[in-house]
Amino acid sequence: MSDEYIVLKEISKRFAGGVVALDKVTIDIRMGEVLALLGENGAGKSTLIKILYGVYSADEGSIYINGRRVDVHSPTEAIKYGIVMVSQHPQLIDTLSVVENLALGLRNFNAFTSIRKISSFILEKSREFGVKVDPWEKVWRLTYTQKQLVEILRAMLLKARVILLDEALTYLPLEEKKKFYKFIKEFTAKGGSTVVITHKIPEALDVADRIAVLRRGRLVGIVEGTSARIEDVRRMMFGESAAEITYEKLPASQPGGRVVIETQDLWVTGDFGEDAVRGVDLRVREGEVVGIAGIVGNGQRELTQALMGLRKASRGRILIDGRNVTNRGIHEVREVGVGYIPDSPLALGISIDNSMAENIAALYQRKSALINWSEVYKVASSLIETYRIVIPGADSLIKVLSGGNIMKAVVSKEINYCKKALIAHNPTRALDEVSAAMVRRSIKEKAINNGVAVLLVSEDLDEIYQVSDSIHVMNSGKLYGPFPPDEAERSKVEHLMVI
Amino acid sequence: MRFIVVRRTKPHQYIKPLIIVLSLLTGMILVAILLVLIGAHPVTTLVTIAYSFITPQVVKDMLLLTMLGCALLISFKGAVWNVGAEGQLYVAIIPIVWITLYAVPWSASSPPHQQVLVILASITVAALFGAAWGAIAGALRAYVGIDEVPVTLIMNYVAYYLVNLLILGPFRGRYVYGYIRTDDLPDAYKLSINIVMQRTGNAFLDGFLEFIRAIVYYAYWVLAAILVALLTWVVFNYTSIGLRIKILGSNPEFLKAVGVDARKTILTALALSGSLVGIASAIYYLGDLTRLTYPIQSQTASYGYLAILVAWLSMLELPLIPLSAYVVSSLRNAGRNMQIFGLGGLESTLILLGSILLTYSTLRFLTEYEVRVVK
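Just so you know, these numbers come straight off a predicted model, no measurement behind them.

Conventions adopted
- Residues numbered from 1 in each chain as written.
- Chains lettered and ligands numbered in written order.
- Predicted model: local features only at pLDDT ≥ 70, side-chain atom pairs only at ≥ 80, totals over all residues.
- Heavy atoms only, no water.
- Helix = DSSP H or I, 4+ residues; strand = E, 2+ residues; numbered from the N terminus.
- Rg over C-alpha atoms; globule rule 2.2 N^0.38 Å.
- Buried < 20%, exposed > 50% of the residue type's maximum accessible area, 1.4 Å probe, protein only.
- Contact = heavy atoms within 4.5 Å.
- Areas by Shrake-Rupley, 256 points an atom, 1.4 Å probe, with all protein chains shown as cover.
- Lys, Arg positive; Asp, Glu negative; His and termini not counted.
- Charge placed at Lys NZ, Arg CZ, Asp CG, Glu CD.
- Core = buried A, V, L, I, M, F, W, Y, C linked by side-chain atoms within 4.5 Å.
- Domains from an automatic or database assignment.
- Buried area = accessible area lost by both parts, 1.4 Å probe.
- Salt bridge = Lys/Arg side-chain N within 4 Å of Asp/Glu carboxyl O.
- Polar contact = N/O pair within 3.5 Å; in protein donor to acceptor, adjacent residues only side chain to side chain.
- Nonpolar A, V, L, I, M, F, W, Y, C, P; charged D, E, K, R; others polar.
- Phe/Tyr/Trp six-rings, centres within 6.5 Å; stacked < 30°, edge-to-face > 60°.
- Lys NZ or Arg CZ within 6 Å of the ring centre and 35° of its normal.

*Asks:* So what exactly am I meant to see when it comes to the overall build of chain A here?
*Replies:* Within chain A, the secondary structure is distributed over 17 helices and 20 strands. Computed over C-alpha atoms, the radius of gyration of chain A comes to 23 Å, within 12% of the 23 Å expected from 2.2 N^0.38 for 499 residues, which places it in the range of a compact globule. Along the first, second and third principal axes, the C-alpha set of chain A runs to 70 × 50 × 50 Å. For chain A, with 499 residues in total, the buried portion stands at 57%. Counting only contacts in chain A whose residues sit at least 6 apart along the sequence, the fraction spanning at least 24 positions is 68%. Element-wise, carbon and sulfur atoms account for 49% of the exposed surface of chain A, whose accessible area totals about 20800 Å². One way to put it: in chain A the 66 positive side-chain charges average out to a point 3 Å from where the 63 negative ones average out.

Structure, rendered in structure tokens:
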């Protein structure tokens, strides 16, 4: 391993409301290594690499590249130094094709170069880098994984020497993630360097040469990936709160007899006109947590959206608390008291340009002509305290929060809202282990204490096993099960997920 | 040493009004420099423009544009672009003409309370007509998916021709001395307070008294502007519909996901916006216009279009609407004065407006970014 290439020295950053995002953090990035940046939600990981990428500027501190002090005030400058960032949300223009998107950033072609020539170049390079993508495909038709692949390809075309992955792999299914890590290993073996931001310790241990841990804006320490133990890293990340992390099965619910969520031969059409959900029969009783495991893209999103009334069912019936709500729209479903944690929280779960209080009011005070703000602020304060959301105040805009805290805002609002049922799709994705454990506990408590029927759809099999009272597997739009978690062998469930 | 532009991590408290004032000053200086080319002394240009900000003529325009700016703010906040205030303004006058001249005309034998009732009824029906006119574009956008910008724009012309048709036909006045227009609004229904002030001979004092006279003359307008601004503030801060409109403007998908019908919200935003235009329209007709002349499109002062500028200049911030309205009114006034004082023709006015708006568009980035000096 070669010497340090980039040094971020004594970097400090404060945000609105006096939130200290970074406090004199010093960290180095070496060529030929994978550096994992770990930390709980809001620890300052994203802020640090956004400073390196020129998105933010540091209040104090300096950046050295190859021993020379540099100013990185914009991503364009960062790219000149060979630093490219891939974020959680693909920065592509949906209406353009892959080649058109990539051509926008390329400097080795002029305005008169034919798009065919650029396409041939991209195709050649994508083969060289081992990234399979059709240059002529419109971006809106790509899956999330393919979009992230295009982002990686863009980084390579921009001759990246250092790739910053800002939770870029968080929403990827496990199998796809493994492919990405393989690619990253190859990239670093050729002398490149990668900084991976994640909150999944096992992944960091798997892939990283070194692990740097941030906590509340401070660097706790840097450990070697090969010698680090999961417990030690956890303690560095969470301190005493690490004790709250558990993957033990949560107490089983005592479901009542009443069926709250029911589908009968449900068929739902997907975005491309295909049958995404095919004849699903599902029953969730009051107080019961039913888990649906499966690899992303097997109809889970279409199923949850149809249950909520956000997508039309092409055939079959949906009953919520005995009421036929098939194709009646989300208004009727919400009327019954159904909470919804969507798979795409930034689109359907929250409005980031509004405050936490406004987001709560939009849901909770839906039916009143006048808003009772004192009631809204009471709920907001309680959620901020219970879920430990790091936010300057309930009237702060959501967009100033870190990704994890945004997710906590979405999840807490919906768990607290639900009266009869909760439909949760990947509720802990983007959350650190302590927060994820807390959310799982809250979901289970809602089922046990309030008799709420919970449909938990997750790609995280550990989560499914920990919380569910019965397990289904969804594959190619069909539902398999139910299986009691104590009897369902993990290998069988995994097999059903991939057949 | 060099300048760098970095994204703000926290909003600057006074940056928005500061940008408006800075744009104004830069625009004025720019136009003064440009007019040197036609031989105008820069000091004369600057004094003429500055004078336009303190003349009584700005009072009327400012009050009306404040009301219209608030009306447009309602829809613009929801990213629903109502550019049809001009049409809504004239359509809302139609029922007032009918009520005041034909349905309940004033006569010597009319009971005194008729005056108040007719004025209130006029304001109410104007609000309803404005809302209905706005709702047409709202319904087309919400339920048929037709962009509201061309629709509201085209409906301005529909409104002009509808009003023209009525002036040529049923609304044509009997006491118009051969002109093609409606009869004058009866004095009893006029919303203005006329006072006479003796001139003192002191230019400064007379100017000040003229200002007072204008404010008293438009006292009802002041009241209406305050009420409209207050209503807008209440809508956005205390009502569900206001919150829905704000969320519609930032994330319509989330609005749907909480169980709100986004289509109804679009419709309501345009209807509400139209209804406030209707209120402004009633105040304008009862307080100043008092009759409609054919062809209406060549008589209009284009307040409906200027209001778009007011809303845009305010960066969709309600407290900045009166300031923006004041700036736009004064610039309009400055354009007139520059022509009167021989500082070019219409082109000078347009250069002045263009310079200010160009500077404003450039400086707007300061709301999101800051400029730093680095060594």
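Further notes follow.
*Asks:* What's the story with the nonpolar core in this structure? I'm lost.
*Replies:* A general trend in soluble globular proteins is that nonpolar side chains are found buried together. Residue and element names in this part refer to chain B. Grouped together as the largest cluster of nonpolar side chains are 92 residues, with contacts concentrated most on Tyr 90 and Leu 292. For this core, the element with the most residues is helix α3 (residues 57-76), which contributes 12 residues. Not counting the four nearest positions on each side in its chain, Leu 292 is found in contact with Tyr 90, Ile 93, Val 97, Val 163, Ile 167, Arg 181, Thr 182 and Tyr 285.

*Asks:* Whenever I open this one, the domain arrangement of chain A confuses me. Can you help?
*Replies:* Interface size is commonly expressed as the accessible area that is lost once the parts come together. Residues and elements named next belong to chain A. The domains assigned to chain A are domain 1 (4-243) and domain 2 (259-498). For domain 1 versus domain 2, the separation of C-alpha centres amounts to 30 Å. With 21 residues of domain 1 at the contact, the number on the domain 2 side is 19 residues. Summed over both sides, the interface between domain 1 and domain 2 buries roughly 1600 Å², with carbon and sulfur atoms accounting for 60% of that surface. Connecting domain 1 to domain 2 are one salt bridge. Our count for the domain 1 to domain 2 interface comes out at four residue pairs in polar contact (both at pLDDT 80 or more). When its residues are assigned to classes, the side of domain 1 that touches domain 2 shows eight nonpolar, eight polar and five charged.

*Asks:* Honestly, unusual backbone geometry in this entry has me stumped. Any pointers?
*Replies:* With the exception of glycine, the majority of residues adopt a negative phi angle, and the majority of peptide bonds are in the trans configuration. The omega torsion across Gly 481 of chain A and Pro 482 of chain A is 5 degrees, close enough to zero to call that bond cis. Topologically, Pro 482 of chain A is positioned in strand β20 (residues 478-483). Geometrically, the link from Tyr 294 of chain B to Pro 295 of chain B is a cis peptide bond, its omega value of -10 degrees lying close to zero. Counting through the fold element by element, Pro 295 of chain B comes out in the loop between α12 (262-289) and α13 (296-299).

*Asks:* For this particular structure, what's the right way to read the packing of aromatic side chains?
*Replies:* Think of a pair of aromatic rings as described by two things: how far the centres are apart, and how the planes are tilted against each other in angle. Tallying each qualifying case throughout the model produces 14 aromatic pairs over all chains. Measuring from ring centre to ring centre gives 6.0 Å for Trp 106 of chain B and Tyr 189 of chain B, while their planes differ by 75 degrees; the resulting arrangement is edge-to-face. In this pair, Trp 106 of chain B sits in the loop between α5 (93-103) and α6 (112-144) while Tyr 189 of chain B sits in the loop between α7 (148-168) and α8 (203-217), placing the two residues 83 residues apart along the sequence. For Trp 106 of chain B, a relative accessible area of 30% puts it in the partly exposed group. Judged by its relative accessible area of 0%, Tyr 189 of chain B falls in the buried class. Put simply, the rings of Tyr 90, Tyr 157 and Tyr 160 of chain B pair up and form one aromatic cluster. In this arrangement the basic side chain of Lys 419 of chain A is found over the ring face of Tyr 417 of chain A, its NZ or CZ atom lying 5.6 Å from the centre. Over the face of the ring belonging to Phe 236 of chain B we find Lys 77 of chain B, whose NZ or CZ atom lies 5.9 Å from the ring centre.

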